[in-house]
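# Inside the fold
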Amino acid sequence: MTGWLVAELNPWLYSDLESLTLALFSEIREALPKNERWSEAREKVGGFGKAISPLGKVTALFGLDSEGLIQEVSNRISGDTSASAAKHKAEEALRKAGHPVLIVMDDLDRLTPEELLVVFKLVRLVGHLPNVYYLTASTNGPCWTSCNAVSS
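Residues numbered from 1 in each chain as written. Predicted model: local features only at pLDDT ≥ 70, side-chain atom pairs only at ≥ 80, totals over all residues. Heavy atoms only, no water.

Once that is clear, we can look at the overall build of the chain. Tallying secondary structure elements over the chain gives seven helices and three strands in all. Counting across all 152 residues of the chain, residues that qualify as buried make up 36%. Pairs at least 24 residues apart make up 78% of the contacts formed inside the chain by residues separated by at least 6 positions. (Helix = DSSP H or I, 4+ residues; strand = E, 2+ residues; numbered from the N terminus. Buried < 20%, exposed > 50% of the residue type's maximum accessible area, 1.4 Å probe, protein only. Contact = heavy atoms within 4.5 Å.)

Structure (structure tokens):
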């Protein structure tokens, strides 16, 4: 396989940090090919997204019923499911896969200053993964005005 794997994330579609976090990891996971070579990376990226997201949002995203919720709680309690362990596993799998993934985030100028700050924090704090890159796009004026408003 040559070239970049590309995913598109529209942060303005999500109303809260938890939904945006799940969307980010869902998009990264979805960008990875669905074959045997990529199965470990897909699993580990999904695991990291689940580890840092509240159970209610995870169950809604993955369509789990109440029995599934009970099983998910049980799975989280047993074994090593800490966010740092899950991030380390995702990092190793992405490093091993060795293929760049580009996350395109367009129309950032649609966000409020606070939402824009959340997006940048999300990328900086949990989205910093090996071989994952971000392209952000917006109309120049509104985005910089928002950044200045938040920093003031």
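Before going further, it helps to examine the pairing of strand E3 (residues 132-136). With five bridges connecting them, strand E2 (residues 101-105) and E3 associate as parallel partners. Pairing of Leu 102 across the sheet is with Tyr 133, part of E3. (Pairing = 2+ DSSP bridges.)

Backbone hydrogen bonds are what pair the strands of a sheet, in a parallel or an antiparallel way. Taken in spatial order, the three strands of this open sheet run E1-E2-E3, and their pairing is parallel. Across the chains shown, the open sheet's two edge strands, defined by having one partner strand only, are strand E1 (5-8) and E3. Across the sheet, the axes of successive neighbouring strands diverge by a mean angle of 25°, strand direction being ignored. Sitting on the sheet, helix H1 (residues 17-31) touches E1, E2 and E3, and the angle it makes with E1 is about 150°. (Axes fitted to C-alpha atoms, helices over the stretch in contact; angles between N-to-C directions.)

The next point concerns the nonpolar core. The nonpolar side chains of a soluble globular protein tend to be buried with one another. By size, the foremost hydrophobic cluster in this structure holds 31 residues, and its most contacted members are Phe 25, Ile 28, Leu 32 and Ile 103. Broken down by element, the residue count for this core peaks at six residues, all from H1. Setting aside residues no more than four positions away along its own chain, Leu 32 makes contact with Leu 5, Trp 38, Ala 41, Arg 42, Val 45, Leu 94 and Val 101. (Core = buried A, V, L, I, M, F, W, Y, C linked by side-chain atoms within 4.5 Å.)

Taking 1.5 Å per residue as the helical rise, H1 with its 15 residues ought to reach 21 Å, and the 21 Å between its terminal C-alpha atoms agrees with that figure. All buried positions along H1 are accounted for by Ser 19, Leu 20, Thr 21, Leu 22, Ala 23, Leu 24, Phe 25, Ile 28 and Ala 31. One side-chain oxygen at the N-terminal end of H1 lies 3.3 Å from the backbone nitrogen of Glu 18; it belongs to Asp 16. (Expected span 1.5 Å × (residues − 1). Polar contact = N/O pair within 3.5 Å; in protein donor to acceptor, adjacent residues only side chain to side chain.)

Our next topic: helix H2 (residues 39-51). With 13 residues, H2 should cover 18 Å at 1.5 Å per step; its first-to-last C-alpha distance of 18 Å lies within 8% of that length. All of the buried residues along H2 are Ala 41, Arg 42, Val 45, Gly 46, Phe 48 and Gly 49. Summarising the axial view, the buried residues of H2 lie within an arc of 155°, below the 170-degree limit, and thus occupy one face. The elements touched by buried residues of H2 are H1 and helix H5 (83-97). (Arc of directions from axis to C-beta.)

Here we take up a nonpolar patch on the surface. Together, Trp 4, Val 6 and Tyr 133 give the surface a local cluster of nonpolar side chains, amounting to about 330 Å² of exposed area. Relative to the helices and strands, Val 6 resides in strand E1. (Patch = residues over 30% accessible without salt bridge, like charges linked within 9 Å, V, L, I, M, F, W, Y side chains within 5 Å. Areas by Shrake-Rupley, 256 points an atom, 1.4 Å probe, with all protein chains shown as cover. Salt bridge = Lys/Arg side-chain N within 4 Å of Asp/Glu carboxyl O.)

Moving on to the packing of H1 against helix H6 (residues 113-125). Contact geometry for H1 and H6: axes closest at 11 Å, N-to-C directions at 45°. One finds that H1 runs oblique with respect to H6. Like other packed secondary-structure pairs, H1 and H6 cross with a definite hand, here right-handed. Between H1, through Leu 17, Leu 20, Thr 21 and Leu 24, and H6, the contact on the second element is made entirely by Val 118, Val 119 and Leu 122. (Parallel < 35°, antiparallel > 145°, perpendicular 65-115°, else oblique. Left-handed = near helix turned anticlockwise from the far one by under 90°.)

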